[in-house]
Amino acid sequence: MEEHLKRDSVNIGHLLNIIKEQGTEYLNSIEERPTSVMNISVSEKQELPEFGYGTEEALRIFNEKFEPIMVGSGGPRYWGFVTGGATPASVAGDWLATVYDQNTQTMKGQGDISGVIEVEAIRLLQELLRLPESFLGGFVSGATMSNFTCLAVARQWLGKKQGQDIAKEGVSGTVKVLTATPHSSSIKSLSLLGLGSANIVKIKTEEGNREAINIKDLEENILELNGAPFVLISSGGTVNTVDFDDFKTISRLKEKYSFWWHIDAAFGGFAACSETHHHLIDGWEYADSITVDCHKWLNVPYESAVFLIKEEYKILQIETFQNSNAPYLGDPLDNFNYLNFLPENSRRLKALPAWFSLMAYGKNGYQKIVDDNISWARQFGNLIENSNDFKLLAPVRLNTVCFTLNDETKQDKVDLFLEKVNDTGKVFMTPTFYNQHQGIRAAFVNWMTCEKDIHLVFEIMNEIFSSLK
């Protein structure tokens, strides 16, 4: 091991060049890279070597054993889930984040002060998303951890309203969480936080094929709580149909009732970048906390999301995440340390890829990425709407197309159809269930997607459908 380590250290430039060449080849051919792979079996299990092989031989083994199962998930036709790509600038930032290998916590003092980069990246992101600097933000691994972080502070807020310090004393009594169409990550977060998913009060949705909160039903349920504080989880773009709650009206409800307002805007928040759709987020600046997922529409590598919590709740945040049982003295922002403001104690410099991409492409660059994807979704939706074989399950509101087979008698073939489409390796979409139908969901968030991809995929769909007849 010692011999290999010394040799690798001396030859680090050579090793990085090999990786650069392989990475460049992958990125240059990502449009042709299969979006899914079939029938590739990984060879027999690898035994841990006694003395190691060195990096070059480890790379050879990886390329033989695992490289073939690496799909083009960052490419232009990976429309499954809501998966973004990685801009060239964000790749550069991610490489440097690994090279510099900072444990990002602090902004001043001795040792690592790379927290200054994170704070600046958050400020740039707030500007991009038309949000005021009254939010205190940080980077976490994804929307699940962002929702968890925001709802943890919401839990502390609610406890204080009830005369409890939940961070110290634990959860007791009933906590009410009102929501209409929550993402599964919010439900998971409630479970992890001990709030219990069974305590969700399900609010009706608006009529007319909507997933947004019905404001009338929301207020009726608020009144039934008789003044008890609660948590409201609202949607800045639902997963299936990208529906948005009425943020302006909800902000007016906050003037009348006591509740913590959390918005899950994992990808829909980037509507703020759009020339034509930024009105969808009007009023979200009045929320108490917001989740935004950067490895979706910001197009930076996994794992990257941010939490945004109103700075006025900094003491609650400290009480929730402080890394010591000692009481916090003074203003926590005077000696700021991310260690005391979020779940993780150890963190890589997740902000650097986002900082690079924001600086490289700016407002206009991201406006084009977002508006282009909205355009591709609309075009794809129009092709489906004008087809005899497929139909939309919901209007195309932003960047996601939710559809199914037109023939009601073929509902049992939707999954088979999607499987065959994905098996081509030319596109990847995900199954869903919406409005009592087996459906298919295509989400457009990749900076590389272009018009030819839309027509290519639609041709594939028609060919596969014909084979099912």
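So, a few notes on the structure that sits alongside this text.

**As for the overall build of the protein chain**
And step 1. On a plain count of helices and strands, the protein chain comes out with 14 helices and 11 strands.
And step 2. In terms of overall dimensions, the protein chain has C-alpha extents of about 65 × 60 × 45 Å along its principal axes.
And step 3. Restricting to contacts in the protein chain with at least 6 residues of sequence separation, those with at least 24 account for 72%.
And step 4. Counting only carbon and sulfur atoms, one obtains 52% of the accessible surface of the protein chain, whose full area is about 21900 Å².
And step 5. Placing the 43 positive and 61 negative side-chain charges of the protein chain at their respective mean positions leaves the two points 3 Å apart.

**Quick notes on the environment of Ile315**
And step 1. Looking at the element boundaries, Ile315 is found in helix 11 (residues 314–321).
And step 2. Using a relative accessible area of 40% as the deciding quantity, one classes Ile315 as partly exposed.
And step 3. Sequence separation between Ile315 and Lys426 is 111 residues, and the spatial gap between their C-alpha atoms is 50 Å.

**Focus on the pattern of salt bridges**
And step 1. Applying the stated criterion across every chain, the model contains 21 salt bridges.
And step 2. Across the pair Lys296 and Asp293 runs a salt bridge, and its minimum N-O distance is 2.6 Å. Accessibility assignment for this pair places Lys296 and Asp293 in one class, buried.
And step 3. Here Glu303 makes a salt bridge to Lys350, at a shortest N to O gap of 3.5 Å. Within this pair, whereas Glu303 is found in the loop between strand 6 (289–293) and strand 7 (305–310), its partner Lys350 is found in the loop between helix 11 and helix 12 (351–385), the two being separated by 47 residues in sequence.
And step 4. Each of Glu57, Arg60 and Glu64 takes part in salt bridges that share partners, so that together they form one network.

**Things to note about the packing of aromatic side chains**
One pair of aromatic rings is described through two measures. These are the centre distance and the angle between the planes.
And step 1. The tally for this structure, following the rule as stated, stands at 18 aromatic pairs.
And step 2. Between the aromatic rings of Phe336 and Tyr338, the centroid separation amounts to 4.7 Å while the plane-to-plane angle is 80 degrees, which identifies the pairing as edge-to-face.
And step 3. Of the aromatic side chains, those joined through ring pairs into one cluster are Trp79, Phe380, Phe390, Phe403, Phe417, Phe444, Phe458 and Phe465.
And step 4. Over the aromatic face of Phe259 sits the side chain of Lys254, whose NZ or CZ is 5.0 Å from the ring centroid.
And step 5. Positioned above the aromatic ring of Tyr338 is the side chain of Arg347, whose terminal nitrogen or guanidinium carbon lies 4.8 Å from the ring centre.

**Examining the packing of helix 9 (residues 215–224) against helix 10 (residues 247–254)**
And step 1. Axis separation between helix 9 and helix 10 bottoms out at 11 Å; the angle between their running directions is 20 degrees. With respect to their mutual orientation, helix 9 and helix 10 come out roughly parallel. In terms of crossing hand, the pair formed by helix 9 and helix 10 is right-handed. Here helix 9 contributes Ile215, Leu218, Glu219 and Ile222 to the contact with helix 10, which in turn contributes Thr249, Ile250 and Leu253.
And step 2. A breakdown of the residues in the contact of helix 9 with helix 10 according to their chemical character gives five nonpolar, one polar and one charged.

**Thoughts on the pairing of strand 11 (residues 437–443)**
Regular strands place side chains that alternate from one sheet face to the opposite one.
And step 1. Most of strand 11 sits inside the fold, with six of its seven residues counted as buried.
And step 2. Alignment of strand 9 (residues 400–405) against strand 11, held across four bridges, turns out to be antiparallel. Residue pairing for strand 11: Phe403 is matched across the bridge by Ile440.
And step 3. In this sheet, strand 11 lies alongside strand 10 (residues 430–434) in antiparallel orientation, the contact comprising five bridges.

**Here's the deal with the packing of helix 12 against helix 14 (residues 451–468)**
And step 1. Close contact between helix 12 and helix 14 brings their axes to 10 Å; oriented N to C, the two are set at 30 degrees. Here helix 14 runs roughly parallel to helix 12, going by the angle between their axes. The hand of the helix 12/helix 14 crossing is right-handed. Counting all contacts with helix 12, which are made through Trp376, Gln379, Phe380, Leu383 and Ile384, the residues of helix 14 involved are Glu451, Ile454, His455, Val457, Phe458 and Met461.

**Considering a nonpolar patch on the surface**
And step 1. On the surface, Val37, Ile40, Phe66, Ile69 and Met70 cluster together into a nonpolar patch covering about 360 Å² of accessible area.
And step 2. Note that Ile69 resides in the loop between helix 3 (55–65) and helix 4 (88–100).

**Considerations on the pairing of strand 7**
And step 1. The element strand 7 is largely enclosed, with a buried count of six among its six residues.
And step 2. A two-sided burial pattern is seen for strand 7, the buried positions comprising Ala305, Phe307 and Ile309 on one face and Val306, Leu308 and Lys310 on the other.
And step 3. Note: strand 6 against strand 7, five bridges, orientation antiparallel. In the strand pairing of strand 7, Ile290 is matched with Leu308.

**Observations concerning the environment of Ser36**
And step 1. Along the chain, Ser36 falls in the loop between helix 2 (12–28) and helix 3.
And step 2. For the pair Ser36 and Thr181, spaced 145 residues apart in sequence, the C-alpha to C-alpha distance is 30 Å.
And step 3. Setting aside anything within four residues of it in sequence, one finds Ser36 in contact with Val71, Asn422, Asp423, Gly425 and Phe428.
And step 4. Here the side chain of Ser36 touches Asn422 through a polar contact of 2.6 Å, landing on its backbone oxygen.

Basis of the calculations
Residues numbered from 1 in each chain as written. Predicted model: local features only at pLDDT ≥ 70, side-chain atom pairs only at ≥ 80, totals over all residues. Heavy atoms only, no water. Helix = DSSP H or I, 4+ residues; strand = E, 2+ residues; numbered from the N terminus. Contact = heavy atoms within 4.5 Å. Areas by Shrake-Rupley, 256 points an atom, 1.4 Å probe, with all protein chains shown as cover. Lys, Arg positive; Asp, Glu negative; His and termini not counted. Charge placed at Lys NZ, Arg CZ, Asp CG, Glu CD. Buried < 20%, exposed > 50% of the residue type's maximum accessible area, 1.4 Å probe, protein only. Salt bridge = Lys/Arg side-chain N within 4 Å of Asp/Glu carboxyl O. Phe/Tyr/Trp six-rings, centres within 6.5 Å; stacked < 30°, edge-to-face > 60°. Lys NZ or Arg CZ within 6 Å of the ring centre and 35° of its normal. Axes fitted to C-alpha atoms, helices over the stretch in contact; angles between N-to-C directions. Parallel < 35°, antiparallel > 145°, perpendicular 65-115°, else oblique. Left-handed = near helix turned anticlockwise from the far one by under 90°. Nonpolar A, V, L, I, M, F, W, Y, C, P; charged D, E, K, R; others polar. Pairing = 2+ DSSP bridges. Patch = residues over 30% accessible without salt bridge, like charges linked within 9 Å, V, L, I, M, F, W, Y side chains within 5 Å. Polar contact = N/O pair within 3.5 Å; in protein donor to acceptor, adjacent residues only side chain to side chain.

Purely spatial values, then, with no claim about function.
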